[in-house]
Amino acid sequence: MATNQQPNNQANNNEEEVDLGSLFVIIGKGFSKFFNFIGNIFKGIFHFFISILIFLRSNFLKIAIAAVIGFTVGLFLEVKKENTFGSTLLVEPNFESARQLYNNVNFYNDLVKQKDTSRIQSIFQIDKKSAGSLKKFEIEPIKNKSDIINSYDDFIKSVDTTTVKSYKFEDYKNSFEELDYKLHEITVIATKNDVFDKLSNVILESVTENKYFNRIKELTNENLNRTDSLLRQNLGQVDSLRRVYMQVMVEEAKKQSNGTSIDLGGEKRTTKELELFETNRKLNSELRSIVENKSKKYEVINVISDFQPIGYEIKGVTKNLGFQLAIALSVLVILILLVLKLNTYLNTYKK
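Residues numbered from 1 in each chain as written. Predicted model: local features only at pLDDT ≥ 70, side-chain atom pairs only at ≥ 80, totals over all residues. Heavy atoms only, no water.

**Focus on the overall build of the protein**
Of regular secondary structure, the protein possesses twelve helices and five strands. Taking all 351 residues of the protein together, the buried fraction comes to 24%. In the protein, once contacts between residues fewer than 6 apart in sequence are set aside, the share between residues at least 24 apart is 86%. (Helix = DSSP H or I, 4+ residues; strand = E, 2+ residues; numbered from the N terminus. Buried < 20%, exposed > 50% of the residue type's maximum accessible area, 1.4 Å probe, protein only. Contact = heavy atoms within 4.5 Å.)

In C-alpha cells:
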C-alpha cells in the first residue's frame, strides 16, 4: 500500500509543478507582449520624427528658397506700408450692457472693413483723413478665473440648495460666456497716432445713452440709496441702544456690593451687549457692501483706463510682413511637397 501511495504523491507533485510552470510561462509571455507593445510605440514615435527630419533634409533647398522669396517680398511690402498705431480702452460694463457694447464695436469694425469713411466720419465727428486712418476695432474680455468663482458664489447665494446640488461648478464654468467677464478691452488700430482720444466718448455714449440701460441704472441707484439710508438709520439706533445699555450696566454695578456675578453652572449666555455688537458688525458689513455697489453701479459703463492720447507703435518680429510671408510660403511649399509625396505613394499602392 505504501509503495502505491508514493507514486501517486509523486504524480500529484509533478502535476502541481507543471501547472505552476505553465502559469509562470503565461505570465512571462504577458509581460513580454506588454513591453514589446510599449517598445513598438516608442519605435513608432522615433520613426515618425526621423521621417520628418529625412523629409526636411531632402527638401531643405526648396523650403529655404521659398522662405527667402517670402522674406524678400514681405520686407519690400513692410518698407512701403504705413506705420500702424494702437490704443486700448479698458471698461467694466454694468446691467448686462456688454452685449450691446460688443455689437457696437463690431459694427464700427465692419464699417472699417467696408471702407465706409463717410459714415465713420459722421459717427465719430472726425475729419476725413482721421476716419480713413482707422484700420481695426476689436473688443475682448480680460479673462480672470476669479470672475467665474465669484459669479458662481453669487449664483449659489441666490438659489435654493436643491438647485445647487444639481448644478455643479464645472457645468457653470462651461456655460460662462465671454460677455460674463467683468472687464473688457477695446483696441483700436490706426495709421495716425493721435486719433484715439476722439473715439472713447462716442463708443461709450452709444451704450450709456440707451434708455433701457439708463432706466435700470436709475432704479438700481434708487434702491441702493434707500438701502444705504435705512442701514445708516439702523446703525444709529443700535449705537443708541448700546449707549443706553452701557449706562444701565454702570448704574446696576454701582448698586451691587459684591461686584461681578459668576455663573457657577458654567452655562454660556449671550448678553444683550454682545448681541448688539454682532448686529452692529453685520450692519456695517452690509453698509460697506452697499457703498461698494453704489460706486460700481453709478454708471452704465465704468471706465477703468481710457484710450492713450498718443497710440503705441505696433511692431515686432511676429508683426513683420517679411517674417509672416517667409513662414507662410515655407508652409505652403511643405504642404505641396507632402501632397506630391502622398500622390506618389497612392500610385505605387495601386500597383
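On we go.
**Regarding the pattern of salt bridges**
Applying the stated criterion across every chain, the model contains five salt bridges. Across the pair D116 and R119 runs a salt bridge, and its minimum N-O distance is 3.8 Å. (Salt bridge = Lys/Arg side-chain N within 4 Å of Asp/Glu carboxyl O.)

**Some thoughts on a nonpolar patch on the surface**
A surface patch of nonpolar side chains, amounting to about 1,200 Å² of accessible area, comprises F37, I41, F42, I45, F46, F48, F49, I50, I52, L53, I54 and L56. Looking at the element boundaries, F42 is found in helix α1 (residues 2-58). Accessibility expressed as a relative area gives 57% for F42, which makes it exposed. (Patch = residues over 30% accessible without salt bridge, like charges linked within 9 Å, V, L, I, M, F, W, Y side chains within 5 Å. Areas by Shrake-Rupley, 256 points an atom, 1.4 Å probe, with all protein chains shown as cover.)

**Focus on the environment of I186**
Tracing the sequence through the fold places I186 in strand β3 (residues 184-190). For I186, a relative accessible area of 0% gives the class buried. A sequence separation of 99 residues divides I186 from S87, and the C-alpha atoms of the two residues are 8.3 Å apart. Excluding residues that lie within four positions of it along the chain, I186 makes contacts with S87, T88, L89, L101, V105, E138, I139, I203 and F307.

**Focus: the nonpolar core**
Nonpolar side chains tend toward joint burial in soluble globular proteins. Within the largest apolar cluster, 33 residues are counted, with the highest numbers of intra-cluster contacts made by L101, F124, L134, F137, L199 and I203. Residue assignment for this core shows that the elements contributing at least two residues are β1 (85-93), α3 (98-113), α4 (117-124), β2 (134-141), β3 and α9 (200-208). Counting residues per element, this core draws most heavily on α3, at seven residues. Once residues within four sequence positions are removed from consideration, L134 is found in contact with V112, I120, I126, V188, I189, A190, V195 and L199. With eight residues, the next largest nonpolar core counts L224, L283, L287 and I290 among its residues. (Core = buried A, V, L, I, M, F, W, Y, C linked by side-chain atoms within 4.5 Å.)

**Remarks on unusual backbone geometry**
Positive phi, close to 60°, is recorded for F95, a residue that is not glycine. Along the chain, F95 turns up in the loop between β1 and α3. Residue F95 is classed as buried on the basis of its relative accessible area, which comes to 14%. Despite not being glycine, K115 shows a phi value in the positive range, around 55°. On the secondary structure map, K115 appears in the loop between α3 and α4. Note on K115: relative accessible area 70%, which makes it exposed.

**Regarding the packing of aromatic side chains**
Counting across every chain of the model gives six aromatic pairs. Plain terms: the ring middles of F48 and F49 are 5.8 Å apart, the flat faces sit at 70° to each other, and that makes the pair edge-to-face. Summarising the aromatic geometry, the rings of Y108 and F137 are spaced 5.7 Å apart at their centres and angled 55° between planes, so their arrangement reads as tilted. Of this pair, Y108 sits in helix α3 while F137 sits in strand β2; the two residues are 29 residues apart in sequence, bridging distant segments of the chain. The class of Y108 is buried, set by a relative accessible area of 5%. (Phe/Tyr/Trp six-rings, centres within 6.5 Å; stacked < 30°, edge-to-face > 60°.)

**Remarks on the layout of surface pockets**
Taken as a whole, the largest pocket spans an internal volume of roughly 990 Å³. Forming the boundary of the largest pocket are 25 residues, of which S151, D154, D180, K182 and K297 lie nearest the centre. When residues of the lining of the largest pocket are assigned to their parent elements, the largest contribution, six residues, is made by helix α6 (residues 145-158). When grouped by side-chain class, the residues that make up the lining of the largest pocket number six nonpolar, six polar and 13 charged. (1 Å grid on protein atoms, 1.4 Å probe; cavity = no way out; pocket = protein on both sides within 12 Å on 5 of 7 lines; lining within 4 Å. Points joined across faces, edges and corners; volume = space filled by probe spheres on them. Nonpolar A, V, L, I, M, F, W, Y, C, P; charged D, E, K, R; others polar.)

**Quick look at the side chain of S200**
Inspection of the secondary structure assignment puts S200 in helix α9. For S200, a relative accessible area of 3% gives the class buried. Residue contacts for S200: discarding those within four places in its chain leaves L89, D306 and F307.

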